[in-house]
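Residues per chain, in single letters:
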Amino acid sequence: QVQLVESGGGLVQPGGSLRLSCAASGFTFSSYPMSWYRQAPGKEREFVAVITDTGVVKRYADSVKGRFTISRDNAKNTVYLQMNSLKPEDTAMYYCYVKTSVWDDSWGQGTQVTVSS
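Residues numbered from 1 in each chain as written. Predicted model: local features only at pLDDT ≥ 70, side-chain atom pairs only at ≥ 80, totals over all residues. Heavy atoms only, no water.

(A) Structural detail: the overall build of the chain. Secondary structure summary: the chain contains zero helices and 11 strands in total. Along its sequence from the N terminus, the chain presents helices and strands in the succession β-β-β-β-β-β-β-β-β-β-β. The principal-axis extents of the C-alpha atoms in the chain amount to approximately 40 × 30 × 25 Å. Of all 117 residues assigned to the chain, the portion counted as buried reaches 40%. Taking contacts inside the chain between residues at least 6 apart in sequence as the whole, the part at least 24 apart equals 52%. Just so you have it, the chain exposes about 6200 Å², and 48% of that area is on carbon and sulfur atoms. If the 12 positive side-chain charges of the chain are averaged to one point and the 10 negative ones to another, these points end up 5 Å apart. (Helix = DSSP H or I, 4+ residues; strand = E, 2+ residues; numbered from the N terminus. Buried < 20%, exposed > 50% of the residue type's maximum accessible area, 1.4 Å probe, protein only. Contact = heavy atoms within 4.5 Å. Areas by Shrake-Rupley, 256 points an atom, 1.4 Å probe, with all protein chains shown as cover. Lys, Arg positive; Asp, Glu negative; His and termini not counted. Charge placed at Lys NZ, Arg CZ, Asp CG, Glu CD.)

(B) Highlighting the sheet that holds strand β3 (residues 18-25). Spatially, the four strands line up as an open sheet ordered β1-β3-β8-β7, and their pairing is antiparallel. Every interior strand has two partners, whereas the edge strands, β1 (3-7) and β7 (68-73), have only one. In this sheet, neighbouring strand axes are inclined to one another by 15° on average, regardless of whether the strands run parallel or antiparallel. Both β7 and strand β8 (residues 78-83) contribute to a ladder of six bridges, which runs antiparallel. When the sheet's bridge partners are listed, T69 is paired in β8 with Q82. (Pairing = 2+ DSSP bridges. Axes fitted to C-alpha atoms, helices over the stretch in contact; angles between N-to-C directions.)

(C) Representation of the nonpolar core. Judged by nonpolar contacts, the single largest core of 29 residues is most densely connected at M34, W36, V79, L81, M83 and Y94. Contributing elements (two or more residues each) for this core: β3, β4 (34-39), β5 (46-51), β7, β8, β9 (92-99) and β11 (111-115). (Core = buried A, V, L, I, M, F, W, Y, C linked by side-chain atoms within 4.5 Å.)

(D) Local environment of the side chain of R38. In this fold, R38 is placed in strand β4. A relative accessible area of 5% means that R38 is categorised as buried. A polar contact of 3.4 Å, which involves the side chain of R38, links it to the side chain of S63. At 2.9 Å, the side chain of R38 and the side chain of Y94 are in polar contact. R38 has contacts with E44, R45, E46, V48, S63, V64, F68, E89, D90, A92, M93 and Y94, leaving out every residue within four places of it along the chain. (Polar contact = N/O pair within 3.5 Å; in protein donor to acceptor, adjacent residues only side chain to side chain.)

(E) Representation of the pairing of β8 within the structure. Burial runs high along β8: five of the six residues are buried. Note that β3 and β8 share six bridges and pair antiparallel. Directly across from L18, in β8, lies its bridge partner M83. In this antiparallel pair of consecutive strands, β7 and β8, the connection spans four residues, and N77 shows a positive phi of 55°.

So, to be careful, I would describe these as geometric facts and stop short of saying anything about function.
This is the structure in structure tokens:
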């Protein structure tokens, strides 16, 4: 079955950086777009970034454009989210997501990112 395991979260000061990783298994990773979402306390889950199967096309939420970079390594079945110039409003649980068919999609368990001085 599909498994997505996020890592790399933590506590960072405003202006700092973190790199999140999502290790995937149970499907042909190189055939699917991969996404990152986040959910802050009391708020709905929101889209952060998506990358196509080949990694050529990337899209970002306006709130992270220019600060976050999504990438993937198809040889390692891993997708990354490099987060720079972090702000307190970036504090959230960050989730990896894949939709493998019309009927099937999967989420990771999430990794917590806290931006605070």
